[in-house]
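Geometric and topological summary
Chain by chain, the residues:
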Amino acid sequence: MPLWPYFADVKIERMHYHAKSGVLSQVITTTMHCTTHADSPAHVFEGGMFTDEIPLEKYYGTESPCPFQEEVGEDHAEDLEKVRPKIEKGDIVMVNTGWHHKYADTVEYFCYSPGFTRRPDSGSSIKE
């Protein structure tokens, strides 16, 4: 998997071998942003929850699939409002942006991926 350009590559070292030690063990060294993961709110804003503070129920629930392919820079708030069943507070929204088709060690993949932003007039809190 491509890493952020300034991250060190994943390193795997064998510490024990079956023939020598009777067991196989390895040390794996990697940065935290390698492969699929969930960022804790504390990682992206001051005062946010750490992983151990997030209730387990936040990791599962009703899924609301959003079947559109987002183009970079486009606003799809209206598409989210059309999702059925209707998206309710606390739902898990799955958005297929199609970005996985661009998977590569490229500036486009790392710097221009699609995403969402809050509207300035939304009044919602990032801590919600």
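Residues numbered from 1 in each chain as written. Predicted model: local features only at pLDDT ≥ 70, side-chain atom pairs only at ≥ 80, totals over all residues. Heavy atoms only, no water.

**Considering the packing of aromatic side chains**
Pairs of aromatic rings are described using the distance from one ring centre to the other and the angle between the two planes. We apply this condition: Two aromatic rings, drawn from Phe, Tyr or Trp (for Trp, its six-membered ring), form a pair once their centres lie within 6.5 Å of each other, and the interplanar angle then sorts them: stacked below 30 degrees, edge-to-face above 60, tilted otherwise. Only protein chains enter the accessibility calculation, which uses a 1.4 Å probe; a residue whose area is less than 20% of its type maximum is buried, one above 50% is exposed, and one in between is partly exposed.
The tally for this structure, following the rule as stated, stands at 3 aromatic pairs. Seen in terms of ring centroids, Tyr 6 and Phe 7 are 5.1 Å apart; in terms of plane orientation they differ by 90°. Their pairing is edge-to-face. What makes Tyr 6 exposed here is its relative accessible area of 67%. With centroids separated by 5.6 Å and ring planes inclined at 85°, the aromatic side chains of Tyr 103 and Tyr 109 adopt a geometry described as edge-to-face. The structure contains a cluster of three or more aromatic residues connected by ring pairs, namely Tyr 103, Tyr 109 and Phe 110.

**Things to note about the pattern of salt bridges**
Formally: Within this document, salt bridges are pairs made up of a side-chain nitrogen of Lys or Arg and a carboxyl oxygen of Asp or Glu, the two lying within 4 Å of each other.
Scanning all chains against the criterion turns up 1 salt bridge. Note that Lys 102 is salt-bridged to Glu 108, the shortest N-O span being 3.4 Å. For Glu 108, a relative accessible area of 38% corresponds to the partly exposed category.

Interpretation in functional terms is not warranted from these geometric data alone.
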